[in-house]
Amino acid sequence: MIRLSWTKEHRLLNRFQFKRCYEQGKKYYTKNFILFVSDRGQGPDGLRLGLTVSRKKGPAVVRNRIKRVVREFFRIYQNEFRGRTDIVFVPKKSLDGRRMSYALAEKELLPVIGRINSDLKPSAQQ
């Protein structure tokens, strides 16, 4: 059985890491989300996730629900990502945080995993 833990090593922790992802990463759009994805190049393999949910999305309860659902999605699907991937997740204005569910995250983000892997694959082989 594979243990799907989500430790501190799976998170973007400082402004520099977020900034690098925003500036050098590729953008992926879905109906309700924007993902900024960059290849780390060096360091340990695996996915690191940063979440940016502004106060415009609603009160703390709503913002925390969005973050909790997205973290759970990436925790479960972390082994689907290839290489050293950093992702900054930003919800769009169109997302109603009160209606945020795991099913919605899965529906919109699963197709993006394939696009991310196909785009990062050539750079991982170099």
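Please read all numbers here as calculations on a predicted model, not as lab measurements.

1. Comments concerning the sheet that holds strand 4 (residues 84–91)
Reasoning step 1: The strand order across the open sheet formed by four strands is 1-2-4-3, and the pairing between neighbours is mixed. Every other strand in the sheet has two partners, leaving strand 1 (26–29) and strand 3 (46–51) as the edge strands with one partner each. Between one strand axis and the next, the sheet turns through 25 degrees on average, direction left out of account.
Reasoning step 2: Pairing between strand 3 and strand 4: six bridges, direction parallel. Bridge pairing in strand 4 places L47 opposite T85.
Reasoning step 3: Across the sheet, helix 1 (residues 15–24) lies against strand 1, strand 2 (33–39), strand 3 and strand 4, angled at about 85 degrees from strand 4, the strand it touches most.

2. Some thoughts on the pairing of strand 3
Consecutive side chains of a regular strand alternate in pointing toward one face of the sheet and then the other.
Reasoning step 1: The element strand 3 is largely enclosed, with a buried count of five among its six residues.
Reasoning step 2: Following the backbone out of strand 3, through helix 2 (residues 60–76) and into the adjacent parallel strand 4, one traces a crossover that is left-handed.

3. Some remarks on the packing of aromatic side chains
Reasoning step 1: For the coordinates displayed, the defined rule picks out six aromatic pairs.
Reasoning step 2: Measuring from centroid to centroid gives 6.4 Å for F73 and Y102, while their planes differ by 45 degrees, and the two rings are tilted. With F73 in helix 2 and Y102 in helix 3 (residues 102–125), this residue pair connects regions lying 29 residues apart in the sequence.
Reasoning step 3: You can call F73 buried: its relative accessible area is 0%.
Reasoning step 4: Each residue in the set F73, F74, Y77, F81 and Y102 is aromatic and connected to the rest through ring pairs, giving one cluster.

Cut-offs applied
For every chain, the first residue of its written sequence is number 1, and the numbers climb from 1 along that sequence. Only residues with pLDDT of at least 70 get local features here, since the model is predicted, and only at 80 or more are side-chain atom pairs given and counted; chain-wide, interface and lining totals rely on the full set of residues. Hydrogens and water are ignored here; the side-chain numbers use all heavy atoms of the structure. Pairing between strands is defined by DSSP: at least two bridges between them are needed. Numbering goes from the N terminus for both helices and strands, where a helix is a DSSP run of H or I of at least four residues and a strand is a run of E of at least two. Working convention: axes come from line fits to C-alpha atoms, limited for helices to the stretch in contact. Angles between N-to-C directions cover 0 to 180 degrees. Contact definition: two residues touch when any of their heavy atoms are within 4.5 Å. Think of it in three bands: with a 1.4 Å probe and only protein chains considered, a residue is buried below 20% of the maximum accessible area for its type, exposed above 50%, and partly exposed in between. When the strands point away from the viewer and the path from the first strand over the helix to the second turns clockwise, the crossover is right-handed. Stacked, edge-to-face and tilted are the three classes for Phe, Tyr and Trp ring pairs, Trp counted by its six-membered ring, which pair at centre distances within 6.5 Å; planes under 30 degrees apart are stacked, over 60 edge-to-face, the rest tilted.

In short, the description is geometric, and any link to function would need to be established separately.
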